[in-house]
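# Inside the fold
Spelled out, the chains give:
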Amino acid sequence: MNTKTVFYITGKIIITVSVLMFLPVITAICYNEIHSLLSFLYVIVGGFAVGFVLTFLCRKKDGVLYAKDGFIVVTLAWIASSVLGAMPFVVSGEIPSFTNAFFETVSGFTTTGASILTNVEAMSKSMLFWRSFTHFIGGMGIIVFVMALIPAVSGRSIHILRAEMPGPTVDKIMPKAKDTAKILYLIYIGLAAAEAIMLLFGGMPLFDSLVHTFGTAGTGGFGIKANSIAGYSNFCQWVIAVFMVIFGINFNVFYLLLIKRTVSAFKSSELWTYLGIIAASTGFICLNIYSTYEKFSDLIRDSFFQVSTIISTTGFSTVDFDKWPTFSKALLLLLMVTGACAGSTAGGIKISRVVLLFKIVLNRLKLLLHPRAVCTVKVDKKTVDPDVVSGVTVYAVLYFVCIIAIFLILCIEKSFDIESNLSATLACFNNIGPGLAIVGPTASYAGYSALSKWVLSVAMLMGRLEIFPILLFLSPSAWKKAG
């Protein structure tokens with residue numbers, strides 16, 4: 001492993017996160033929050049010090065990054081960013097426990113939206129801004145953001161991009177990974193700006209529109225009100241619901257639209273499967289809860305909003321869906337698992353993997369019926385590489401092993417009911433946030449013990465980075481020098 005390059009990049013990332021903290025500093029100045037202002041400044045100084053020491057001591061002699069280095073860089077960067085990002089909460093005393101602050105920050109960067117706060121409206125504006133801004137940074141990826149800004153540290157930077165971007169495969173949009181990162185972020189920022197402007201037109205205050213845009217774009221879900229989005233106008237709820245769906249779409253589709261390859265963009269079977277699941281789920285939930293509504297428009301809006309927020313793994317809410325009938329809650333739990341499209345800011349297994357797994361099963365059935373037949377897995381009329389098929393199968397096995405392990409730990413550690421522990425596991429691992437019962441939309445994760453919060457923090461990181469980077473990071477052999 002190229003240790004110097006790994007820590008050099010980590011230092012750059014720590015410096016970048018420190019620079020980004022000047023945005024909540026500006027917020028603190030605007031709202032005259034002196035204590036919060038000083039807290040951020042202390043952390044910024046400390047972040048700069050650590051970052052500059054790492055970059056100075058680990059100046060690269062050989063900037064080549066190997067595939068395993070990409071996984072380690074990503075994991076180390078996310079852990080370091082989460083530790084640094086948690087410090088303003090601790091220093092200010094607004095979340096005095098480091099365990100709670102780390103959980104909240106990991107939840108922010110991984111765009112989970114699970115919170116330990118029991119009174120979010122008591123937080124200062126600058127802390128709320130930083131809390132939601134972590135969604136925006138983590139949505140497209142901390143390192144993707146850094147790669148878009150700093151000079152390439154290696155001719156193999158695509159290894160970092162592939163290690164951090166969600167989905168079974170990551171292709172280059174442009175020949176250079178740096179250019180790919182720039183285009184991804186330009187699309188990301190453009191869509192976010194469009195949403196913020198529409199929310200302003202809908203009467204939402206500027207501060208509120210920004211933090212909710214951060215949450216929608218990153219598919220995070222941190223709210224600034226006790227009732228999440230329920231208190232805003234119907235127009236704003238529709239805007240957020242539609243943009244949650246948009247940010248759950250593979251960003252390659254937007255790039256193809258940008259270069260006017262419209263036909264190619266709309267040929268994506270993953271896109272149509274995603275939209276089809278949303279439409280069908282909304283319809284089923286409408287049929288299941290229609291008797292509790294007087295207005296058809298409210299029924300459609302709430303059903304579509306909750307389907308959009310769960311499948312995109314955002315986690316906002318307009319109603320307490322924990323009070324819905326069992327069928328609707330079960331459907332939402334299934335949507336937690338599937339998630340949205342690969343190459344989006346959403347979590348979950350991803351629609352592309354679900355489609356591939358379904359086709360792998362069909363292929364197996366064909367072979368059982370016709371042993372001599374030559375069967376290949378195809379998506380969008382293209383044969384899928386056997387390595388991708390194998391990778392998806394292995395990921396699916398690891399996914400369920402991790403879910404079972406985390407669920408059992410929660411059941412041993414804390415005597416919450418099975419529904420709460422299972423939904424908490426699914427909500428954190430799939431980066432959704434709210435679950436059912438004790439961790440429902442109107443509740444928080446404050447009741448879990450410190451150990452459970454650390455386990456769930458690891459679950460959020462594993463879900464966001466899709467298991468393999470964390471496993472390689474914990475493997476002693478991955479830290480051995482190449483050669």
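The written sequence of each chain sets the order in which its residues are numbered from 1. Whole-chain, interface and lining totals are the exception, using all residues; otherwise, since this is a predicted model, local features are given only for residues with pLDDT of at least 70 and side-chain atom pairs are given and counted only at 80 or more. Excluded from the side-chain calculation are hydrogens and water; included are all heavy atoms of the structure.

## Here's the deal with the overall build of the protein
What counts is decided by this rule: Going along the chain from the N terminus, every DSSP run of H or I of four or more residues is numbered as a helix, and every run of E of two or more is numbered as a strand. Each residue is assigned to one of three classes by its accessible area relative to the maximum for its type, calculated with a 1.4 Å probe on protein chains only: buried under 20%, partly exposed between the two thresholds, exposed over 50%. Between two residues, a contact is recorded if the distance between any of their heavy atoms is within 4.5 Å.
From N to C terminus, the protein includes 21 helices and 2 strands. Taking all 483 residues of the protein together, 58% fall into the buried category. Long-range pairs, those at least 24 residues apart, make up 72% of the contacts in the protein with a sequence separation of at least 6.

## Quick notes on the packing of helix H16 (residues 326-338) against helix H19 (residues 418-429)
Operational definition: Working convention: axes come from line fits to C-alpha atoms, limited for helices to the stretch in contact. Angles between N-to-C directions cover 0 to 180 degrees. Three residue categories are used. Nonpolar comprises Ala, Val, Leu, Ile, Met, Phe, Trp, Tyr, Cys and Pro, charged comprises Asp, Glu, Lys and Arg, and polar comprises the others, including Gly.
Two elements in contact, H16 and H19, have axes separated by 9 Å at closest approach and are oriented at 35°. Facing Lys329, Leu333, Met336 and Val337 of H16, the residues of H19 in contact are Glu419, Ser423, Leu426 and Ala427. Across the contact of H16 with H19, the residue classes break down as 5 nonpolar, 1 polar and 2 charged.

## Focus: the side chain of Ser228
Worth spelling out the cut-off: What qualifies as a polar contact is a pair of N or O atoms within 3.5 Å, subject to a donor-acceptor requirement within protein and to the restriction that residues adjacent in sequence count only when both atoms come from side chains.
In this fold, Ser228 is placed in the loop between helix H10 (206-217) and helix H11 (234-247). Among the polar contacts listed, one links the side chain of Ser228 to the backbone nitrogen of Ser317, at a separation of 3.1 Å. If near-sequence neighbours (up to four positions away) are discounted, Ser228 is found in contact with Phe316 and Ser317.

## Focus on the packing of helix H6 (residues 125-140) against H10
How we decide: The scheme is simple: roughly parallel for angles under 35 degrees, roughly antiparallel for over 145, roughly perpendicular for 65 to 115, oblique for anything else. What makes a crossing left-handed is the near helix being turned counterclockwise from the far one by less than a right angle; a clockwise turn instead makes it right-handed.
Contact geometry of H6 with H10 gives a least axis separation of 7 Å together with a crossing angle of 30°. The orientation of H6 with respect to H10, classified from their angle, is roughly parallel. Between H6 and H10 lies a crossing of left-handed hand. Contact residues: Lys125, Leu128, Phe129, Ser132, Phe133, His135 and Phe136 in H6; Phe207, Val211, Phe214, Gly215 and Ala217 in H10. By residue class, the composition of the contact of H6 with H10 is 8 nonpolar, 3 polar and 1 charged.

## Structural notes on the pattern of salt bridges
Definition in use: Each salt bridge in this description consists of a side-chain nitrogen of Lys or Arg and a carboxyl oxygen of Asp or Glu lying within 4 Å of one another.
The final tally for this structure, using the stated rule, is 6 salt bridges. The closest approach of N and O atoms between Arg131 and Glu104, which form a salt bridge, is 2.8 Å. A residue pair is termed long-range when its members are at least 10 positions apart, and Arg131 in helix H6 and Glu104 in helix H5 (residues 98-109) qualify at 27 residues. One exposure class covers both Arg131 and Glu104, and it is buried.

## Points about the nonpolar core
Nonpolar side chains tend to gather and get buried jointly when the protein is soluble and globular. Using the following cut-off: For the purposes of this section, nonpolar cores are sets of buried Ala, Val, Leu, Ile, Met, Phe, Trp, Tyr and Cys residues that join through side-chain atoms within 4.5 Å. Marked domain ranges trace back to an automatic or database domain assignment.
Within the largest apolar cluster, 128 residues are counted, with the highest numbers of intra-cluster contacts made by Trp130, Phe251, Tyr274, Tyr399, Phe429 and Tyr445. Of all the elements, helix H4 (residues 67-92) adds the most residues to this core, at 10 residues. If you count residues domain by domain, this core takes at least three from each of domain 1 (3-227) and domain 2 (371-479). In this structure, Tyr445 is in contact with Phe103, Ala114, Ser115, Ile116, Ala424, Ala427, Cys428, Gly433, Gly435, Val439, Lys453 and Leu456, ignoring residues within four places of it in sequence. Grouped together as the second largest cluster of nonpolar side chains are 6 residues, Leu356, Ile360, Val384 and Val392 included.

## A short note on the packing of aromatic side chains
Under the convention used in this document: Stacked, tilted and edge-to-face are the three classes applied to pairs of Phe, Tyr and Trp rings, where Trp contributes its six-membered ring and a pair requires centres within 6.5 Å; stacked means planes under 30 degrees apart, edge-to-face means over 60, and tilted covers the rest. Charge-over-ring contacts are defined here by two conditions on Lys NZ or Arg CZ: a distance within 6 Å of the ring centre and an angle within 35 degrees of the ring normal.
This structure, assessed with the given rule, holds 30 aromatic pairs. Seen from their ring centres, Phe98 and Trp454 are 6.2 Å apart, and the 40° between their planes marks the pair as tilted. Taken together, the residues Phe98 in helix H5 and Trp454 in helix H20 (residues 450-465) connect sequence positions 356 residues apart. The ring of Tyr395 has Arg353 lying over it, and the distance from NZ or CZ to the ring centre is 3.8 Å.

## Some details on unusual backbone geometry
The phi dihedral of Lys350 falls on the positive side, at around 95°, and the residue is not glycine. Its relative accessible area of 1% is what places Lys350 among the buried residues.

## Quick word on a nonpolar patch on the surface
Heads up, the rule is: What makes a patch is a set of residues exposed beyond 30% relative accessible area and free of salt bridges, joined within 9 Å when like-charged and within 5 Å when nonpolar (Val, Leu, Ile, Met, Phe, Trp, Tyr). The accessible surface values rely on the Shrake-Rupley method and a 1.4 Å probe; as for residues, cover is taken only from the protein chains in view.
Taken together, Val19, Phe22, Ile34, Leu38, Leu41, Tyr42 and Val91 make up a surface patch of nonpolar side chains, about 590 Å² in accessible area. Here the element with the most residues in the nonpolar patch is helix H3 (residues 34-57); it accounts for 4 residues. Within the fold, Tyr42 resides in helix H3. Assessed through its relative accessible area of 54%, Tyr42 is described here as exposed.

## Remarks on the side chain of Asp208
Here is the rule we go by: In this tally, Lys and Arg are treated as positive and Asp and Glu as negative; His is ignored, and so are the chain termini.
Its place among the elements puts Asp208 in helix H10. In this structure Asp208 is buried but unpaired, with Lys225 as the nearest side chain of opposite charge at 4.5 Å. Among all residues touching Asp208, those that are not within four sequence positions of it are Ile224, Lys225 and Tyr232.

## Points about helix H2 (residues 22-30)
Rule in force here: The directions from the helix axis to the C-beta atoms are what the arc is built from.
For H2, the set of buried residues is Pro24, Val25, Thr27 and Ala28. One side of H2 carries all its buried residues, which in axial view fall inside an arc of 160°. Of the residues in H2, the exposed ones pointing more than 90 degrees away from the buried face are Ile29 and Cys30. Where H2 is buried, its residues touch helix H1 (3-20), H3, H6 and H10. Positioned one or two residues after H2, Asn32 has a phi angle of 55°, which is positive.

## Focus on the confidence of the model for the protein
The criterion, for reference: Think of pLDDT as the predictor's per-residue confidence, scored from 0 to 100.
Across the protein, the average pLDDT comes to 86, with 88% of residues at 70 or higher. Per-residue pLDDT stays below 50 along residues 152-161; that stretch engages in 32 contacts with residues further than four places along the chain or on separate chains. In the predicted structure, residues 167-175 sits below a pLDDT of 50 and forms 23 contacts with residues beyond four places in sequence or in another chain.

## Observations regarding a positive patch on the surface
Convention followed: For this purpose, a charge sits on NZ of Lys, CZ of Arg, CG of Asp or CD of Glu.
Taken together, the side chains of Arg261, Lys267, Lys381 and Lys382 make up a positively charged region of the molecular surface. One can find Lys267 in the loop between helix H13 (262-265) and helix H14 (269-289).

## Comments concerning the environment of Glu104
Among the residues examined, Glu104 registers a relative accessible area of 1% and is labelled buried. Between the C-alpha atoms of Glu104 and Arg131, which are 27 residues apart in sequence, the distance is 7.9 Å.

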